[in-house]
Amino acid sequence: MIYLDNAATTKPAQDVLDTFVKVNQDLYFNPNSPHQAGLQAEQLLKQAKLQINQILNLEDRYDIIFTSGATESNNMALKGAAYNRKPYADEIIVSVLEHPSVLEVMRHLEEEGFKLRYVNVTKAGTIDLEHLKSLMNPNVGLVTCMHVNNITGQIQPIEAIAEILEAYPKAHFHVDAVQAIGKTPLHFNGVDSVSFSGHKFNGLKGQGLLLVRNIHNLEPVIHGGGQEYGLRSGTVNLPVDIAIVKALKHAVSEQEQLNSRLTEWNEDLRNFFKAYPGVHVNSPHQSAPHILNVGFDGVKGEVLVNAFSKQGIMLSTTSACSSKHSRLNEVLLAMGISESRIEGSIRISMGAITTESDIEGFKEAFKIVYEEMKELLKK
Ligand code: PLP
């Protein structure tokens, strides 16, 4: 089996699993318990948060909230910031590029009375900065933008957005960095909150982070015992939280090396596809190297995924979340890609466990699949 669906999820690293088991065995205590064992657990939790700031080179500028993943982190940050600002700034800016864990929150907030504004997307699949500037005004309380797009891999201009927002101090800036961490350099200057999911960087499923610059700017959306600064009530899951620090350490320290390996394979595949009429790379050139979205004009994405699967290649259509929905992908539509190419698009996503022989194996399988599909392709 050749696994090329790393944007959907990754294989947990062995020492992440070991850490999870060890903390469960040795330090299963509740960090909120007043006894010595509880205090020991609390100490470890505090250290873990300091370590995250150090690993990400953030100089303690962010409070860290451990969550179950980016869906929860996004919900917590977006609803929390929107509710906090509602009395004086109830406009929200978003684009169709976002993952459903952002877009569906936005639709929900709109139903609750917030004024939603969609910022345009350029043909290169990035936020249109001029349009963003024109939408900004003192009533904007929240702007959200992903760091790297999960469908195309396109890197968003986070620094430029932060610069535009400097003139609007009421606007909270949230960044979904799920597909960026460990793959491309991160930019957090001027960013108020950031989401991560552990299982996208060789951590565990059900493990995530929310980094917040000022916790007082978020209203809690989960109420209960008041853990995690009152923002995420519920008994702290210390083994899971310590394990994500391990995964994060690997992701950050190995990012440069991984990036250069993946860039090489990304280039290699782009060149390889050139020899096959009817096959087009949808991911813009400047994208993060782990994601390569490829359109087959005239064939259905689902048919391709099945054909590759028969050859032992695991990849997906546009994204795991939308693979099972038949709607045309809005990200690719916004980029002006033709409908038939969108319908026939697949996402190849590499990761830390990908090897040279996986790439060669994929190419061999591709030749077989192409032969099978060639008559259907519009060339
Ligand atoms: N944001 C992006 C960009 C993603 O790709 C994903 C998952 O695919 C998420 C958020 C949600 O992450 P999770 O499903 O781990 O909550």
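Structural notes, computed from the coordinates. Worth saying up front: this structure is predicted, and the values here are computed from it rather than measured. (Residues numbered from 1 in each chain as written. Predicted model: local features only at pLDDT ≥ 70, side-chain atom pairs only at ≥ 80, totals over all residues. Heavy atoms only, no water.)

1. So, the overall build of the protein
- From N to C terminus, the protein includes 12 helices and 12 strands.
- Each principal axis of the C-alpha atoms in the protein carries an extent, and together these give about 70 × 50 × 30 Å.
- Counting every position in the protein, which comprises 379 residues, the buried fraction comes to 56%.
- The long-range fraction of contacts in the protein, counting pairs at least 24 apart against all pairs at least 6 apart in sequence, stands at 72%.
- For the protein, the exposed surface amounts to about 16,100 Å²; the carbon and sulfur share of it is 51%. (Helix = DSSP H or I, 4+ residues; strand = E, 2+ residues; numbered from the N terminus. Buried < 20%, exposed > 50% of the residue type's maximum accessible area, 1.4 Å probe, protein only. Contact = heavy atoms within 4.5 Å. Areas by Shrake-Rupley, 256 points an atom, 1.4 Å probe, with all protein chains shown as cover.)

2. Structural notes on the nonpolar core
- Counting 58 residues, the largest nonpolar core has Met136, Phe173, Phe196, Leu209 and Leu211 as the members making the most contacts within it.
- If you tally residues by element for this core, the top one is helix 7 (residues 238–253), at 8 residues.
- Once residues within four sequence positions are removed from consideration, Phe173 is found in contact with Val143, Cys145, Ile158, Ile161, Ala162, Leu165, Gly190, Val191, Asp192 and Ser193.
- Ranked by size, the runner-up nonpolar core spans 31 residues in total, among them Trp265, Phe273, Tyr276 and Val305. (Core = buried A, V, L, I, M, F, W, Y, C linked by side-chain atoms within 4.5 Å.)

3. Description of the environment of Asp128
- Inspection of the secondary structure puts Asp128 in the loop between strand 4 (115–118) and helix 5 (129–135).
- Between the alpha carbons of Asp128 and Ile161 there is a distance of 9.8 Å; along the sequence they are 33 residues apart.
- With residues up to four places along the chain from it excluded, the contact list for Asp128 reads Val119, Asn120, Val121 and Thr122.

4. Let's talk about the site of the ligand
- Close to the ligand lie 13 residues, the nearest being Thr71, Asp176, Ser197, His199 and Lys200.
- Between Thr71 and the ligand, the recorded distance is 2.6 Å, taken from a side-chain N or O atom to an oxygen atom.
- Residue Asp176 places a side-chain N or O atom 2.6 Å away from a nitrogen atom belonging to the ligand.
- With the chains in place, 87% of the 390 Å² that the ligand exposes on its own is no longer accessible.
- Among the elements that take part in the shell around the ligand, helix 3 (residues 70–85) stands out by supplying 3 residues, more than any other. (Near = heavy atom within 4 Å. Polar contact = N/O pair within 3.5 Å; in protein donor to acceptor, adjacent residues only side chain to side chain.)

5. Observations concerning the pattern of salt bridges
- Going through the model one piece at a time under the given rule, you end up with 14 salt bridges.
- A salt bridge links Lys367 to Glu364; its shortest N-O distance comes to 3.2 Å. Here the residue Lys367 and the residue Glu364 both occupy positions in helix 12 (residues 356–373), the gap between them amounting to 3 residues, near one helical turn.
- One continuous salt-bridge network, built from bridges that share partners, spans Asp268, Glu360 and Lys363. (Salt bridge = Lys/Arg side-chain N within 4 Å of Asp/Glu carboxyl O.)

6. Some remarks on the packing of aromatic side chains
- Following the criterion strictly, the structure yields 16 aromatic pairs and no others.
- Ring geometry for Phe272 against Tyr276: centres 5.2 Å apart, planes inclined by 50°, an arrangement best described as tilted. One exposure class covers both Phe272 and Tyr276, and it is buried.
- Ring centres 6.1 Å apart and planes at 50° place the aromatic pair Phe362 and Phe366 in the tilted group. Here Phe362 pairs with Phe366, and both are found in helix 12, just 4 residues apart, close to one helical turn. Of the two residues examined, Phe362 and Phe366, each falls in the buried class.
- Counting every residue linked through ring pairs, the aromatic cluster contains Phe272, Phe273, Tyr276, Phe296, Phe308, Phe362, Phe366 and Tyr370.
- Cation over ring: Lys86 sits above Phe114, and NZ or CZ is 4.8 Å from the ring centre. (Phe/Tyr/Trp six-rings, centres within 6.5 Å; stacked < 30°, edge-to-face > 60°. Lys NZ or Arg CZ within 6 Å of the ring centre and 35° of its normal.)

7. A closer look at the packing of helix 8 (residues 255–273) against helix 12
- Between helix 8 and helix 12, the least distance of the axes is 11 Å, while the angle of their chain directions is 15°. If you check the angle between helix 8 and helix 12, you find them roughly parallel. With respect to the hand of their crossing, helix 8 and helix 12 are arranged in right-handed fashion. Every residue of helix 12 that contacts helix 8 at Trp265, Asp268, Leu269, Phe272 and Phe273 is listed here: Glu356, Ile359, Glu360, Phe362, Lys363, Phe366 and Lys367. (Axes fitted to C-alpha atoms, helices over the stretch in contact; angles between N-to-C directions. Parallel < 35°, antiparallel > 145°, perpendicular 65-115°, else oblique. Left-handed = near helix turned anticlockwise from the far one by under 90°.)

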